[in-house]
Amino acid sequence: MAAVERPFPPGDYDVVVVGSGPGGLQTSYCLRRLGIRHAVLSRDEQPGGMFQRFPIFQRLITWTKPDAPVERTSREYEWYDHNSLLAEEPELKALVPALMDRAYDLPSRAEMEAGLAAFAERAGLEVRYGCTWETTRYEGDEVVLVTSDGEYRCRFAVFALGVTEPWRADVPGLEHAAHYVDTREPQRYADRNVFVVGKRNSGFEVAQGILPWARSIVLGSPRPVQTGALALSALRVRYLHPYDEYARGGPGTYVLDVTIERIERREDGFRVVTHGTTWDGTLEFEVDDVIAATGFQAPLRDLPQLGLVTVADGRVPALTPFWESVSLPGVFFAGNASQGARGIEKRGAGASSTSVNGFRYNARVLTQHLAQMLNGRAPRREPVADIVPFLLRELSNAPELWVQKGYLCRVVSAGDGGFVDEEFMPLAAFLDSTGPDAFAASVEVDSSGTIVPTLYLRRGGEIHEHQLEPHPLHEYERDPYRRELTSLLGRQ
């Protein structure tokens, strides 16, 4: 039998995408729709990225509702399905809910991995698997990626590698502890005392997983758990059983606000020395296991040596609103690492670029941006016959705005005696841009957690902001809002 020829041999491409997880697959799908010649490389042997291994305790924290009051193939269903990738073809939409066993509204890791594999297969996405990116260099304005299969030259490189390398906080002795990635099966912790360093997603996931087995569990980090923000947080209530146990005074489970001064390795376990942050005092713990649930970093390889600027203790790249490195031209990021673009951050919690539900929209906007840079012209936009109901409909229903709060906006600009739909773009880019008179609709969150639909008006190069009164059902296609926007636009 003849060997199957592998796609994307080394050579020249407009764009090279590195990674075959959800960020890489979504980026490749969108690039192909736009007719951009590109290659996709992956060191893995199959699609799925981090979901081939994580989360360790199986269930995701992003929800999907298999049955909803809208059709699965509709745009509105994306608000109910935070795990499927985006597509134009009906047969490629909402693939994850069809694979869920409905034991939870959160898919399992295996269900998510199967959904990504189904998307890649049905969409006919090609990936050069078993091809490892090794080093990077510039030659003129080209980015050259050296891989295990040879060299790839491109105008733009898009790294969709996730944030998957273990990262440890600078705590004396923490190097002796197991990291989250090394967590074992739950029964391994039967009748053992466990100290978990960290109180975010992975920390609570570990505590939830071993709660039925461990003799005692302590979760410790300096900052308190912000229960008031959980509705807007990726953590939500998925792993909060340990916190519930502690809040109710249940013995053996503790969620503490402490700095960890040092961890001492003992012959039969560990000694953890802590000091309170929201209370004054020192506590010492003798435990059998310490697990560092201190997070992850992007696998950046030699990019920092080339001058890549990073944020968050070096864990993720610092990015422009269009997810390009602020220091390396032509180097872009998709997937989880797109969180390195923080947006305007003028109010409370907002964008969900750390999860599939958010960065799938980032990928679509990114590829349109790359297409414009490559082609040198903006795509044709559709006219908007009646701007008021159009904007109110988007503020009420657009999943892009409701998932990527305060980051993406829907733009309508003036031209040729009417208005044209500019579709979605980063809000920060709109606020910094010049051009014709335009209107940008966004959904934002204030410091108290209240969701505030907001309209930005650009006229004569000046930006004016107008917040709508929040509605308890988030329904903005009502007469009072129509009158408000009609009056506002009329004054402009």
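No experiment lies behind these values; they were computed from the predicted model shown.

1. A closer look at the sheet that holds strand β20 (residues 408-415)
Argument step 1. Taking strand neighbours across the sheet as the criterion, the six strands line up as β19-β21-β20-β22-β23-β24 in an open arrangement whose pairing is antiparallel. Looking at strand neighbours, the two that pair on one side only are β19 (383-384) and β24 (462-467), the edges of this open sheet.
Argument step 2. Summarising the sheet, strand β22 (residues 438-445) and strand β23 (residues 451-459) pair through eight bridges and their orientation is antiparallel. Bridge assignment links A438 to a residue of β23, and that residue is R458.
Argument step 3. Its contacts with the sheet place helix α6 (residues 356-375) against β20 and β21 (418-426), and it is angled at close to 115 degrees to β21.
Argument step 4. Packing of helix α7 (residues 387-397) onto the sheet brings it into contact with β19, β20, β21, β22 and β23, and relative to β22 it is tilted by some 25 degrees.

2. Let's talk about the packing of aromatic side chains
Argument step 1. According to the stated counting rule, one finds 14 aromatic pairs in the structure shown.
Argument step 2. When the ring centre of Y189 is taken as reference, the NZ or CZ atom of R188 above it lies at 5.5 Å.

3. A look at unusual backbone geometry
Peptide bonds are, in most cases, trans, and in most cases residues other than glycine have a negative phi.
Argument step 1. One non-glycine residue, A94, adopts positive backbone phi at about 50 degrees.
Argument step 2. Examined against the element boundaries, A94 turns out to sit in the loop between β2 (38-42) and α2 (109-123).
Argument step 3. The exposure class of A94 is buried, given its relative accessible area of 9%.
Argument step 4. Located in the positive-phi region is R301, a residue other than glycine, with phi close to 50 degrees.

4. A few points about the pairing of strand β9 (residues 193-197)
Argument step 1. Within β9, five of the five residues are buried, which leaves it mostly tucked inside the rest of the structure.
Argument step 2. Sheet topology note: the β9/strand β10 (residues 216-221) ladder contains five bridges and is parallel. Looking across to β10, one finds that V196 is bridged to L219.
Argument step 3. Taken together, β9, helix α3 (residues 201-210) and β10 form a β-α-β motif whose crossover is right-handed.
Argument step 4. Pairing of β9 with strand β14 (residues 289-292) involves four bridges; the strand directions are parallel. Each residue of the ladder has a partner; that of V197, found in β14, is A292.

5. Some thoughts on α2
Argument step 1. In this model α2 runs 21 Å from its N-terminal to its C-terminal C-alpha over 15 residues, within 8% of the 21 Å that 1.5 Å per residue would give.
Argument step 2. Taken together, the buried positions of α2 are occupied by R109, E111, M112, E113, G115, L116, A118, F119, A120 and A123.
Argument step 3. Against α1 (22-33) and α6 lie the buried residues of α2.
Argument step 4. Positioned one or two residues after α2, G124 has a phi angle of 65 degrees, which is positive.

6. Things to note about the pattern of salt bridges
Argument step 1. Summed over the entire model, instances satisfying the criterion amount to 29 salt bridges.
Argument step 2. Here D289 makes a salt bridge to R188, at a shortest N to O gap of 3.5 Å. With a gap of 101 residues between them, D289 in strand β14 and R188 in the loop between β8 (178-179) and β9 connect regions that are remote in the sequence.
Argument step 3. Owing to a relative accessible area of 10%, D289 belongs among the buried residues under this scheme.
Argument step 4. The partly exposed category is assigned to R188, whose relative accessible area is 25%.
Argument step 5. Residues participating in the shared-partner salt-bridge network are R75, R364, E394, E400, R410 and D421.

7. Some points on the sheet that holds β14
Argument step 1. Across the sheet, seven strands lie side by side as β8-β14-β9-β10-β11-β12-β13; this open sheet has mixed pairing. Each end of this open sheet is capped by a strand with a single partner; those strands are β8 and β13 (282-287).
Argument step 2. Relative to strand β11 (residues 253-266), β10 runs parallel, the two sharing five bridges. Bridge pairing in β11 links I217 to T253.
Argument step 3. The strands that α3 touches are β9, β10, β11 and β14; relative to β10, the one it contacts most, it runs at about 175 degrees.

Rules behind the numbers
Residues numbered from 1 in each chain as written. Predicted model: local features only at pLDDT ≥ 70, side-chain atom pairs only at ≥ 80, totals over all residues. Heavy atoms only, no water. Pairing = 2+ DSSP bridges. Helix = DSSP H or I, 4+ residues; strand = E, 2+ residues; numbered from the N terminus. Contact = heavy atoms within 4.5 Å. Axes fitted to C-alpha atoms, helices over the stretch in contact; angles between N-to-C directions. Phe/Tyr/Trp six-rings, centres within 6.5 Å; stacked < 30°, edge-to-face > 60°. Lys NZ or Arg CZ within 6 Å of the ring centre and 35° of its normal. Buried < 20%, exposed > 50% of the residue type's maximum accessible area, 1.4 Å probe, protein only. Right-handed = clockwise from strand over helix to strand, strands pointing away. Expected span 1.5 Å × (residues − 1). Salt bridge = Lys/Arg side-chain N within 4 Å of Asp/Glu carboxyl O.

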